[in-house]
Amino acid sequence: MKCPRCKTPDLKPTLIEEYLPAMGCDTCHGSLVSLLYYRHWAETQKLAPSPDDVTMPAGPVATNDTTTAIICPKCARVMQKYKLTGTVANRVDVCSTCDEAWLDGGEWELLEALQLSHELPAILTAIWRSEERRVGKECRS
């Protein structure tokens, strides 16, 4: 499979978290994550980190968010974009056919910094998108 962002490098097996496999790109550091594997990982992890477990980054998390549509490397269909929050511009790309998510380089770290790494299924729901639009409007006011 080719990287949907770089188009040329082959994706290689990697782990974005212990027990969470993905196919990663060595060039842009993006990762293709099976939502089936993600759900299994999330169910086997503790869902609410204790305050001692939360490590916030010293500064902003650097990401390489793709702003244009990308094509699923498995089925060649356009992936849908889902905004993380109303206060962050980054969007997760998801293929509804293959049930795969593309995380641009740094987006997993951003999800962790926002304490959303266990909330990926919620981000893909209509209720979440409605709430993030509301929060985004409040922040701009």
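Predicted model, so just to flag it, every value in this text is computed and none were measured.

Student: What is the right way to look at the nonpolar core in this model?
Tutor: As a rule of thumb, soluble globular proteins bury nonpolar side chains together. Residues Tyr38 and Trp108 are the most contacted members of the largest nonpolar core, which totals 21 residues. Elements represented by at least two residues in this core include exactly strand E2 (20-24), helix H1 (35-44), strand E4 (80-85), strand E5 (88-95), strand E6 (100-103), helix H2 (107-113) and helix H3 (120-123). The greatest single-element share of this core, amounting to four residues, is contributed by H1.

Student: Help me understand H1, please; the structure alone is not making it clear to me.
Tutor: Two residues of an α-helix separated by three or four positions point the same way, owing to the 3.6 residues in each turn. Those residues of H1 that sit buried are Leu35, Tyr38, Trp41 and Ala42. Seen from one end, H1 has its buried residues packed into an arc of 115°, which puts them on one side. Summarising the geometry of H1, the exposed residues directed more than 90 degrees from the buried face are Leu36, His40 and Glu43.

Student: How should I be thinking about the confidence of the model for the protein chain in this particular structure?
Tutor: Where the model shows low pLDDT, its predicted coordinates should not be examined in detail. Summing up the model confidence of the protein chain, the mean pLDDT is 82 and the portion of residues at 70 or higher is 76%. Across the protein chain, E2 holds the top mean pLDDT of 97, while helix H4 (residues 126-140) sits lowest at 58. Scored below 50 in pLDDT, residues 50-59 shows six contacts in the model against residues more than four places distant or in partner chains.

Student: Is there a simple way to explain the packing of aromatic side chains in this structure?
Tutor: Each aromatic ring pair is characterised by the separation of its centres together with the angle its planes make. According to the stated counting rule, one finds three aromatic pairs in the structure shown. Centroid distance Trp41 to Trp108: 5.5 Å. Interplanar angle 70°. Geometry classified as edge-to-face. Of the two residues, Trp41 sits in helix H1 while Trp108 sits in helix H2, which places them 67 residues apart along the sequence. No difference in accessibility class separates Trp41 from Trp108, as the two residues are buried. Through a chain of ring-to-ring contacts, three or more aromatic side chains come together here, namely Tyr38, Trp41 and Trp108.

Criteria and thresholds
- Residues numbered from 1 in each chain as written.
- Predicted model: local features only at pLDDT ≥ 70, side-chain atom pairs only at ≥ 80, totals over all residues.
- Heavy atoms only, no water.
- Core = buried A, V, L, I, M, F, W, Y, C linked by side-chain atoms within 4.5 Å.
- Buried < 20%, exposed > 50% of the residue type's maximum accessible area, 1.4 Å probe, protein only.
- Helix = DSSP H or I, 4+ residues; strand = E, 2+ residues; numbered from the N terminus.
- Arc of directions from axis to C-beta.
- pLDDT = per-residue confidence, 0-100.
- Contact = heavy atoms within 4.5 Å.
- Phe/Tyr/Trp six-rings, centres within 6.5 Å; stacked < 30°, edge-to-face > 60°.

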